[in-house]
2 protein chains.
Amino acid sequence: MSIIAVGSVAFDTITTPSGHADSVLGGAATYFALAASYFAEVRVVAVVGEDFTAEHESVLTKRGVDTRGIEHEKGKTFRWGGQYLENLNEAKTDFTELNVFEKFQPRIPPEYKDSEFLFLANIHPTLQSAVRLELSDVKLTGGDTMNYWIRDTPAELRETLRLVNILLINDNETKMLAKEPSLPRAARKVLTMGPTALVVKHGEYGATIFFREGAFGIGSHPFRAPALPIEEVKDPTGAGDSFAGGFMGYVASQHELNREVIKRALFYGGVMGSFAVERFGTERLQTLTRKEIDARFQVFRELTHLE
Amino acid sequence: MSIIAVGSVAFDTITTPSGHADSVLGGAATYFALAASYFAEVRVVAVVGEDFTAEHESVLTKRGVDTRGIEHEKGKTFRWGGQYLENLNEAKTDFTELNVFEKFQPRIPPEYKDSEFLFLANIHPTLQSAVRLELSDVKLTGGDTMNYWIRDTPAELRETLRLVNILLINDNETKMLAKEPSLPRAARKVLTMGPTALVVKHGEYGATIFFREGAFGIGSHPFRAPALPIEEVKDPTGAGDSFAGGFMGYVASQHELNREVIKRALFYGGVMGSFAVERFGTERLQTLTRKEIDARFQVFRELTHLE
């Protein structure tokens, strides 16, 4: 089944303790699409500038990603620069140049309209809502957001949250959104805002999914997936979007949505995040095989599995 | 089988977002002993002052803990005050009064000398080494330490680490001890210092055990146990020591030390930590039943278990 991913395509300039990368292809939609492409058909809606070449586009098309929804505008592509020198868990932004992304108005190609799944990457909540409302037939919508929208556009975000089935955010975003320092309580509060399930991403410690009572007919006990202890995190950029891609991609690849599928999806999310950080930019996500992915899934499983 | 626990008995004054407790029984040896008492016979070596009454002692003896190794000295018991108002994961110390603990010289009663297991709670590494050398027949030694000893007594700590089989510390202590920001690399480095296994406690995210190559004949893949998302952490004091008590207690209750036992021990560590934080001080650890403990073990297992 197919997933539409709506979000940013960007060129990132990244410095980490392992090195430096200049203007490499990135953006939430890119990481998500590449990660999800190993599981399902992925269709991207984004905007790029004149500096986005056929070669850049081929990074996506080589993985079978449908790029007909990427609009080419006059000007430059969104550019971001950041560093993780002091803390691999949090980027320090050096610069943000929105460029063509500033006026991004997602347009869904007619050929995309039969998609069953939708992922709203981290963009303005009003745009997220508009896309979701336009795609009235999607079966399941995943979404992301960030501190900026939580703080500055709370009303718009509330609207979006009513339209999202599974929200994927991190610990701090969850607590900030719920104005509640206890994570389980914050999660419960977020689940009253619309989403049926909330995936809280813990970075190097994995992720927890919380369910609304009776969600997907599977009860309300949370579930946790670990993250792999990785010796050298070369570049954490895109780990969360890759997680979302693995999670949503696996969900979209299954015929049924039950607790076991969602649990496995959470593990696959961790798997794709773990690959993403092994190289700078999207490099590692471009050349994986499903065999490598499933081998790592087994490693993740063994990591916490009691007989 | 029996475990000797050597460490502090204290009176703690604690403030958390859930309330306040004044001069309640605490200390690493106390939390460890109570948690381990549900699995194995526990014998404590500690020092207390004249303010430590028969009623205080009965908290331990009611759980079957052997207190013959608790020395009663003139003066006051070790007192600590701290608060967790801003951060439940890290205490802000209000005061530390070492009192009789300042001159603590652990003395092992002859009746303790047939113990198979030893836990060296967080005390001066020179005292830890002396105890371990005196108890030459113990089968397995677990140990804890803290930033203070890592920074100020590195040579003494190196000596202790050669005598410890399983070291149980947190993420920051591991990175600090190894002078290495990557946790898996830091863990590998710590394992060259003596311990056969290293348990890294991640607080609300569980714990990971790293093994030296070929440790216990079980290979060297790490293993992770989750922590339960707890709605209201009333008082985090003693969570790490309770974790150690559950871990070591379960290990001591088994006839064999294999990978499966160690994995289960890591889960039981998390279980005992999760009970400890539900009430102020040691209250929750005083009245548990093995049935409650095993029920929560199942909850922990379900939390990450894939079919």
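Just so it is clear, the model here is predicted, and its values are computed rather than measured. (Residues numbered from 1 in each chain as written. Chains lettered and ligands numbered in written order. Predicted model: local features only at pLDDT ≥ 70, side-chain atom pairs only at ≥ 80, totals over all residues. Heavy atoms only, no water.)

Engineer: Summarise the overall build of chain A; cite the residues concerned and give the values.
Structural biologist: Across its full length, chain A holds eleven helices and 13 strands. Over its C-alpha atoms, taken along the principal directions, chain A stretches across nearly 50 × 45 × 35 Å. Scored against the burial criterion, the 307 residues of chain A give a buried share of 61%. The contacts of chain A with a sequence gap of at least 6 include a subset with a gap of at least 24, amounting to 63%. (Helix = DSSP H or I, 4+ residues; strand = E, 2+ residues; numbered from the N terminus. Buried < 20%, exposed > 50% of the residue type's maximum accessible area, 1.4 Å probe, protein only. Contact = heavy atoms within 4.5 Å.)

Engineer: Explain the interface of chain A and chain B to me, using residue names and the numbers behind them.
Structural biologist: The accessible area lost on association of the parts is a frequent measure of interface size. Taken together, the contact between chain A and chain B spans 32 residues of the former and 32 residues of the latter. Here chain A and chain B share six salt bridges between them. Linking arginine 185 of chain B and glutamate 232 of chain A is a salt bridge whose minimum nitrogen-to-oxygen distance equals 3.2 Å. For the pair chain A and chain B, the interface holds 18 residue pairs in polar contact (both at pLDDT 80 or more). Elements supplying a minimum of two residues to the side of chain A that touches chain B: α6 (171–178), α7 (183–190), β12 (207–211), β13 (223–225), α9 (259–276) and α11 (290–304) of chain A. Among the elements that take part in the side of chain A that touches chain B, α11 of chain A stands out by supplying five residues, more than any other. Grouping the amino acids of the side of chain A that touches chain B by side-chain chemistry returns 13 nonpolar, five polar and 14 charged. (Salt bridge = Lys/Arg side-chain N within 4 Å of Asp/Glu carboxyl O. Polar contact = N/O pair within 3.5 Å; in protein donor to acceptor, adjacent residues only side chain to side chain. Nonpolar A, V, L, I, M, F, W, Y, C, P; charged D, E, K, R; others polar.)

Engineer: Lay out the packing of helix α8 (residues 239–253) of chain B against helix α9 (residues 259–276) of chain B in plain terms, naming residues and giving numbers.
Structural biologist: Two quantities define a packed helix pair, namely the angle between the axes and the distance from one axis to the other. Residues and elements named next belong to chain B. Following both chains from N to C, one finds α8 and α9 inclined at 145°, their axes separated by 7 Å at the closest point. In this structure, α8 crosses over α9, and the sense of that crossing is right-handed. The residues of α9 that touch α8, namely those facing Ala239, Ser242, Phe243, Gly246, Phe247, Tyr250 and Val251, are Val261, Ile262, Arg264, Ala265, Leu266, Tyr268, Gly269, Gly270, Met272, Gly273 and Ala276. Here the contact of α8 with α9 is composed, by residue class, of twelve nonpolar, five polar and one charged. (Axes fitted to C-alpha atoms, helices over the stretch in contact; angles between N-to-C directions. Left-handed = near helix turned anticlockwise from the far one by under 90°.)

Engineer: Could you give me a rundown of empty space enclosed by the protein, with the residues and numbers involved?
Structural biologist: In this approach the atoms are scanned with a rolling probe the size of a water molecule, which exposes any empty space left behind. This structure, assessed with the given rule, holds one cavity of 30 Å³ or more. Counted as a void, the largest cavity has a volume near 90 Å³. In terms of lining, the largest cavity is formed by 13 residues, of which the most central are Tyr205 and Pro226 of chain A together with Tyr205, Ala225 and Pro226 of chain B. Elements with a minimum of two residues in the lining of the largest cavity: β13 of chain A together with β13 (223–225) of chain B. For the lining of the largest cavity, the residue count by class is seven nonpolar, four polar and two charged. (1 Å grid on protein atoms, 1.4 Å probe; cavity = no way out; pocket = protein on both sides within 12 Å on 5 of 7 lines; lining within 4 Å. Points joined across faces, edges and corners; volume = space filled by probe spheres on them.)

Engineer: Which residues make up the side chain of aspartate 144 of chain A, and what values do they have?
Structural biologist: Residue and element names in this part refer to chain A. Within the secondary structure, aspartate 144 is located in the loop between β9 (140–143) and α4 (147–152). One buried charge, aspartate 144, has no salt-bridge partner; the nearest side chain with opposite charge is lysine 201, at 4.3 Å. When sequence neighbours within four positions are dropped, the list of residues in contact with aspartate 144 reads Phe119, Leu120, Ala121, Asn122, Gln128, Leu167, Leu168, Ile169, Glu173, Lys201 and Asp241. (Lys, Arg positive; Asp, Glu negative; His and termini not counted.)

Engineer: Which residues make up the sheet that holds strand β2 (residues 10–16) of chain B, and what are the values?
Structural biologist: All names here are of chain B. Within the open sheet, the four strands sit side by side as β3-β2-β6-β7. Their pairing is mixed. Edge positions in the sheet fall to β3 (19–26) and β7 (92–97), since each of these pairs with one other strand and no more. For this sheet the average axis-to-axis angle between neighbouring strands, irrespective of direction, equals 15°. Two strands pair when backbone bridges link them, and β2 and strand β6 (residues 78–83) are joined in this way by six bridges, in the parallel orientation. When the bridges of β6 are listed, phenylalanine 11 appears paired with arginine 79. (Pairing = 2+ DSSP bridges.)

Engineer: Residue-level account of the pattern of salt bridges, with values.
Structural biologist: Taken as a whole and judged by the stated rule, the model has 39 salt bridges over all chains. Between arginine 185 of chain A and glutamate 231 of chain B there is a salt bridge, with its nearest N and O atoms 3.9 Å apart. Taken as a pair, arginine 185 of chain A in helix α7 and glutamate 231 of chain B in the loop between β13 and α8 lie in two separate chains rather than in one. A relative accessible area of 31% means that arginine 185 of chain A is categorised as partly exposed. Residue glutamate 231 of chain B is classed as partly exposed on the basis of its relative accessible area, which comes to 30%.

Engineer: How would you sum up unusual backbone geometry? Please name residues and give values.
Structural biologist: You will see that serine 23 of chain A, though not glycine, has its phi angle at about 50°, which is positive. Following the sequence through the fold, serine 23 of chain A ends up in strand β3 (residues 19–26).

Engineer: Tell me about the relation of the copies chain A and chain B, and name the residues and values.
Structural biologist: A rotation about an axis combined with a shift along that same axis relates the two copies of the chain. Expressed as a screw transformation, the operator carrying chain A onto chain B has a rotation angle of 180° and an axial translation of 0.0 Å, and the superposed copies differ by an RMSD of 0.0 Å. Interpreted geometrically, this transformation is the action of a two-fold axis. Of the interface residues in chain A, 100% have counterparts in chain B that sit at the interface too, so the contact is made through matching surfaces. (Least-squares fit on C-alpha atoms with pLDDT ≥ 70 in both.)

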